[in-house]
Structures are given as C-alpha cells and as structure tokens.
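Listed below are the residues making up each chain.
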Amino acid sequence: MDGLLPELEVIRKDFPILERQLAGGFPLVYLDSANTSQKPQVVIDTMVDHLEHHNANISRAMHQLGSESTEAFEAARDRVAAFIKAPDRDEVIFTKNATEALNLVANSLSWATGDLAVAAGDEIVITEMEHHSNIVPWQLLTERKGASLRWFGLTDDGRLDLSNIDELINERTKVVSLTWVSNMLGTINPVARIAARAHEVGAIVVVDASQAAPQLPVDLQSMEGASRPDVLVFTGHKVVGPTGIGVLWGRREVLDALPPFHGGGEMIETVTMQRSTYAQIPHKFEAGTPPIIEAIGLGAAVDYLDHVGLDAIHAHEQALTGYALEGLTSVPGLRVLGPLDAASRGGAISFELEGVHPHDIAQVLDSRGIAVRAGHHCAKPAHARFGVQASTRMSSYLYTTPTEIDALVDGLNYTRSYFKVG
Amino acid sequence: MDAALDSLYQEIILDHYKHPHHAGLRGDPSAAGTAEVHHVNPTCGDEVTLRVHLADGVVSDVSYDAVGCSISQASTSVMTDLLIGKSVEEAMGIHQTFLELMQGKGKIEPDEDVLEDGIAFAGVAKFPARVKCALLSWMAWKDATSQTLSKENS
C-alpha cells in the first residue's frame, strides 16, 4: 500500500502497549487514537528520568535540581514552538488540556476591555461540528455578555456550509472559533479561508487543533498573516504525549491585550496588598506550579513526531483512511458519517451499522481485542445534524497497520452475524 | 471468547431488544397520578422519556420512548413487565432487588421469583461500563414515581 510509513514495524516497537494481549488471548487492536494516542518508550523514559534525576519545582528553586528542572521545562516549550513553527516561543502557553486552553481564551475575553471586549449585540461564530469544549465556553461567554452565538451549518456530506460566510461573519463578529479537523466527521476545514474572512471584519480567530496537530503539519510561520489564526490550541495526549498538558499558542498582541485567566504564583511581576502587576507572556497565563513532568513528556513526544515527520505521518494516515473507508463501506448496512474521500479528511471515521447500537458494536469488538469509541464523542450537535444519537468511531494513527483495519472489518461482519442482522 | 459475550447478551435480552414490551408513550402526562421524566446517560447518549401512572397505590402503567443500546432497551422492556400492576411498595422492592443485582459485580445469584426475565441481566453486572445502560430506565422510573407521590402528598 502506497503512503504507509516505511518503518511501520520499527515504529510499532516504540510503543510498548501494542504488545498487550487482551482477554481471550486477542492482541490489542487499538483504533481509538482520536480519543487518546498511545505513548512511545521515549516519552515514558523522559518522564521517568526527570522524576528520578531532576525533579524540583521550576523558576524559583535556587539549587541545581531547580535549574535543571526549569531548563527542561523551558526546553519543552522550545520543542513545542518548533513543532507548530510558532513565530515566537514566548507565545506558547502550557495549559492542562485543549479544554482549558479554550476556556482560558473565552474567559479572558469576557474580562477584556478595549478592542477585544465582547458586549451586547456582538456575535461569536462557531460551527455545528465542534467538540463540546469549543461550544460550551462560547455559550457561557455570550450568555454573560448578552452577545449572540452563531454557527456554520453542515452539508449532507459533513463539510462546513460556507454559502453564507459573508453574512455569518460580519461587522458584529468578535470571535470565530472552529476546529481544524472534526473529531467526529474527520472533515478538514478550510481554516485559512475562514480566518481571512474573519480578519476582514476585525474578528479574532481561534482554532482547535486537537485532531489536526497529531496528523497534519502545522506551520504557523509560513501562513500568510491574514489567514493565520490568532489562537491555536491542542492537547498533549493526542500527540503521543501524556495527559494533563495542553498548549495554547496565541499571537503576542492578542495575549498581551487579554487579562490573566488564573491569578497566583509565577504569573505576577509584583504583588502588594492593594494590587498586582503581571508577568510577561508566557508566564502571565501560567499561574501556579505547572504540570512540569507532563510538559517535559510533551516535549519528547513532539520531538518524536518531528523525527518521524508530520508529512510522512499525514501520508500514512491518508493511506490507512482510504483503506478503512473501502473496508467499512463493504460491510452491508454500514453508513459512514462525514466525507468519503480520504484526501479531505483525517483518520477518525464515525459510522453507524443498521440494526446494531454503537455500544453493542463496541462491546462485541472489544471481546475480540479491538478498541473503538462508541457514543456521541462529545459532539452531540453534529450527531443531531445527521439524525443519529450515537455512532461508532475508529481512529488510526502512525502505528496502525492495514491488518488492524482488516480485523475491524471482520469484527463488524461478525457483529452483524452475532446480532442476526440482515 | 463468545462465552463472555453470551453472558452479557442473553437471548432474553436480545428478544426484548428486538420486540420491546409496552413501548410508546401513553396517557396524559399532566393527569393526576402521572409524572413524566427524561433521563440521559451523558457518557454515551442513551435517552429515555418515561411516564409513570399511579392509581390507588398501584403502578397502573409505565410508558416510554427510548433510544439506546440493546441493554438499555431490553432493561426498560423487562422493567415494564415487572412493575406494571404491582403496588408501589412491591415495585420499590423489585427496583431495590434489581439495583442490588446490578451493583453486585456479578457475584449475586439473581432471584427468578422476583426478577423473572430480569435475571438475564446478571451478566451485565460483570461489565461495569454497561451497568449504567441497564439502570437508566429504572432510575427514571424511581424519579417519576417519587415525583408523582410527592405531588399527591402536597
């Protein structure tokens, strides 16, 4: 198969969990990477090594371990900045996850004054395919401010309906926030085009790259200013890093203009009992002791991905996605939700199987060692748009093999016979 | 391997799933002795709208509109078989017995005299992720019944 990573077997050896045998002696077939990715040995080792040899708090400890820890933490920031080719490494803020990053932006905007302030009559634009984490913070913000929440609808084949873009994004629009790649439909959205329109009307653009960062090369520096987002967020655990660490990149002018999100240690310049002044970015948005070990683990994770190469990972994902779409659509009664051409989508494929509920599908697949996700994938509005309550989702990654896709397709045919469908 | 799967998906469960008993919403939800609730399983999206009708201390009807997996649908169907026509007190007792079975981690021997087709869910208790599916409509029934009773007493 063209496009697969040439050293797939070597890569698989980097991920110890892929050796797991599950109940009944079945080898693990892990097709839930859009939920969380597995971790290579180098990430595990980097975190353990730091705990065993360098552990100390950062930025404040006046001792050798403290400076080693600080150095490792800030080196992780450099690596993340390189991973997304951020124009300035100080624009990279560590958060708990993408959800916290989006809440940071929405909350700081609700406290902002001046050009960024959101007021009654203003509009915020999202899309119908967002994860709940890119819906609820904006609902909270618009409810508090008396602003309106609007959204792009979806076409029947699971793409954004851009037919009303010029009306939807207008002079009243303050923020446009959208996902780059849908976690449910797999759709890759035209972020640059939407950003360009948003910037015409002076809105700021927030991009949720949680599903994009694992599989598409992100190059902020080479994006034209007008089509570059102002804020981009992603989570560590989907890019082979640990949980508990996420990333917010923001254009310096925007981050400087936003008030702090959390107040506390390390985010200040000076504190008196009357008032405080704040540190410069990135520290302004990193109150308290951060997830140090997790940040360092994330640094190793994005290094690992850069070493394999995001172009090669993207090609691998596209090849597997094409193969999976072919296999899935061969199963009678199966309907894929989202685009059917691999080139315009990511590696998460949601589907429904006539006559069998997603939970029951996932249960039968699990009894054969195949891990998929069943439910609404934190995207209830997108499911409602397609008239389904829940779906089953397979998602591949750089360690996924065509044989595993075959096991899924076999498992789905077996599921049909188990439930005596058709 | 299918033995484990078969312990979850008993024939009785699959039968109720394909041919649910007492399905559909009946009666006037605002009538005396009636309450309607809507419960969801937020992690997976199973949903049930359930109406309980009480008359003279008896569960005179339980009607519902539900979407979800085989376990949640079959459990709803079995529950209506068990509870319709029972006194509220008896029904609460059956509810408690079913709850204990589900929370027993597969170690409780079910009582067929009390639970009838409900004993088929004994295997579900061994699958922690599915216990919520089996309990969804039972919890909805208890909620609706409590609401009806408190309305009557107020």
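Look up a bit, the structure's there.
As the structure is a prediction and not an experimental result, all values here were calculated from the model.

Draft legend 1. Structural view of the interface of chain B and chain A. Listed by partner, the interface residues are 24 residues for chain B and 20 residues for chain A. For the pair chain B and chain A, the two sides together bury roughly 1700 Å², of which 50% comes from carbon and sulfur. Taken together, the connections running from chain B to chain A amount to three salt bridges. Between Asp360 of chain A and Arg130 of chain B there is a salt bridge, and its shortest N-O distance comes to 2.9 Å. Joining chain B to chain A, the criterion identifies eight residue pairs in polar contact (both at pLDDT 80 or more). Elements represented by at least two residues in the side of chain B that touches chain A include exactly helix H1 (2-8), helix H2 (11-18), helix H3 (70-83) and helix H6 (128-153) of chain B. Here the residues of the side of chain B that touches chain A are counted per class, giving 13 nonpolar, four polar and seven charged.

Draft legend 2. Focus on the sheet that holds strand S4 (residues 92-95) of chain A. All names here are of chain A. Taken in spatial order, the seven strands make up an open sheet running S4-S10-S9-S8-S7-S5-S6, and their pairing is mixed. The open sheet has two edge strands, S4 and strand S6 (148-152), and neither has a second partner. When strand polarity is set aside, the average angle formed by the axes of neighbouring strands in this sheet is 20°. In this structure, strand S7 (residues 173-179) lies alongside strand S8 (residues 204-208), joined through five bridges in parallel fashion. Across the sheet, residue Thr179 finds its bridge partner in S8, namely Asp208. Here helix H4 (residues 98-111) sits on the sheet and contacts S4, S7, S8, strand S9 (231-235) and strand S10 (246-250); the angle it forms with S9, its principal contact strand, is near 150°. Helix H7 (residues 191-200) rests against S6, S7 and S8 of the sheet, and its axis sits at about 155° to S8.

Draft legend 3. Looking closely at the sheet that holds strand S1 (residues 34-40) of chain B. Residues and elements named next belong to chain B. Taken together, the three strands give an open sheet; going across it, the order is S1-S2-S3, and neighbouring strands pair in antiparallel fashion. In this open sheet, the two edge strands, each paired with only one partner strand, are S1 and strand S3 (58-67). Between one strand and the next, the sheet's axes are offset by a mean angle of 15°, whatever the strand orientation. With nine bridges connecting them, strand S2 (residues 47-55) and S3 associate as antiparallel partners. Looking at the pairing, Leu50 lines up with Tyr64 of S3.

Draft legend 4. The arrangement of the side chain of Thr400 of chain A in detail. All names here are of chain A. Tracing the backbone shows Thr400 in the loop between strand S17 (391-395) and helix H13 (402-418). What makes Thr400 buried here is its relative accessible area of 0%. From its side chain, Thr400 meets the backbone nitrogen of Tyr397 in a polar contact 2.8 Å long. Sequence-distant contacts of Thr400, that is, excluding residues within four places in its chain, are made with Leu8, Arg12, Tyr30, Leu31, His316, Leu320 and Ile405.

Criteria and thresholds
Residues numbered from 1 in each chain as written. Chains lettered and ligands numbered in written order. Predicted model: local features only at pLDDT ≥ 70, side-chain atom pairs only at ≥ 80, totals over all residues. Heavy atoms only, no water. Contact = heavy atoms within 4.5 Å. Buried area = accessible area lost by both parts, 1.4 Å probe. Salt bridge = Lys/Arg side-chain N within 4 Å of Asp/Glu carboxyl O. Polar contact = N/O pair within 3.5 Å; in protein donor to acceptor, adjacent residues only side chain to side chain. Helix = DSSP H or I, 4+ residues; strand = E, 2+ residues; numbered from the N terminus. Nonpolar A, V, L, I, M, F, W, Y, C, P; charged D, E, K, R; others polar. Pairing = 2+ DSSP bridges. Axes fitted to C-alpha atoms, helices over the stretch in contact; angles between N-to-C directions. Buried < 20%, exposed > 50% of the residue type's maximum accessible area, 1.4 Å probe, protein only.

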